[in-house]
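Listed here are the chains, written in short residue letters.
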Amino acid sequence: CGVAPIRAFIEERMALAKSNNMGPAALFMGYRNPQDEVYTDLVQEALDMGALTESDIAYSSGCDLCEAPAHQMPVSDMVRLKGEHVWKHIRDGGHIYLCGGARTFGLAMESALLEIIQEHGSMDVEHALEYLRGLTEEGRLAEDLAN
């Protein structure tokens, strides 16, 4: 699994944006370093036409050349930093799509989402887990995670 599923998601939103009023969509992408970035033109086009409302990029390592060293962090940490925004998106009926490695990315994102739900949704761990499972059952949390 990599960023290909995200590309398909962006392309679908771009096609729908031409004829449909859609809700907001935030994209959080993670790369090892800036040299690994792909689809930058596609993401910018999606932002320009309103198919995406925002895009944030995190770099997990090798960020010596980064223009914004503050972006050197795992994607899960960037999502945590925007926790209030992510909670509002979830609370208001938004969807979450995760693509990455199951052992590291998947676990880190599950942890980040649980923390966000607990903090901003004022839930204990048990209710946050139940809420997260409910998002999956409703089809609002979709994962494409590889081992």
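Here goes a summary of the coordinates provided. (Residues numbered from 1 in each chain as written. Predicted model: local features only at pLDDT ≥ 70, side-chain atom pairs only at ≥ 80, totals over all residues. Heavy atoms only, no water.)

Before going further, it helps to spend a moment on the packing of aromatic side chains. Summed over the entire model, instances satisfying the criterion amount to two aromatic pairs. Centre to centre, the rings of phenylalanine 9 and tyrosine 97 are 4.9 Å apart; their planes meet at 40°, and the pair counts as tilted. With a gap of 88 residues between them, phenylalanine 9 in helix α1 (residues 4–17) and tyrosine 97 in strand β3 (residues 96–101) connect regions that are remote in the sequence. Judged by relative accessible area, phenylalanine 9 falls into the buried class, the value being 17%. (Phe/Tyr/Trp six-rings, centres within 6.5 Å; stacked < 30°, edge-to-face > 60°. Helix = DSSP H or I, 4+ residues; strand = E, 2+ residues; numbered from the N terminus. Buried < 20%, exposed > 50% of the residue type's maximum accessible area, 1.4 Å probe, protein only.)

Let us now look at the packing of α1 against helix α2 (residues 40–49). The N-to-C vectors of α1 and α2 enclose an angle of 30°; their axes lie 10 Å apart at closest approach. The orientation of α1 with respect to α2, classified from their angle, is roughly parallel. As for how α1 packs across α2, the hand of that crossing is left-handed. When α1 is examined against α2, the residues Arg7, Ile10, Glu11, Met14 and Ala17 are found in contact with a partner set consisting of Leu42, Val43, Glu45, Ala46 and Met49. Here the contact of α1 with α2 is composed, by residue class, of seven nonpolar, no polar and three charged. (Axes fitted to C-alpha atoms, helices over the stretch in contact; angles between N-to-C directions. Parallel < 35°, antiparallel > 145°, perpendicular 65-115°, else oblique. Left-handed = near helix turned anticlockwise from the far one by under 90°. Contact = heavy atoms within 4.5 Å. Nonpolar A, V, L, I, M, F, W, Y, C, P; charged D, E, K, R; others polar.)

Counted according to the given criterion, the structure contains eight salt bridges. In this structure, glutamate 115 and arginine 80 form a salt bridge, with 2.8 Å as the shortest nitrogen-oxygen distance. Here glutamate 115, found in helix α5 (residues 102–121), pairs with arginine 80, found in helix α3 (residues 75–81); they are 35 residues apart in sequence, far enough to count as distant. For arginine 80, a relative accessible area of 27% gives the class partly exposed. Among the salt bridges present, the one from aspartate 92 reaches lysine 88, with a minimum N-O distance of 3.0 Å. In this structure aspartate 92 comes out as partly exposed when scored by relative accessible area, which is 49%. (Salt bridge = Lys/Arg side-chain N within 4 Å of Asp/Glu carboxyl O.)

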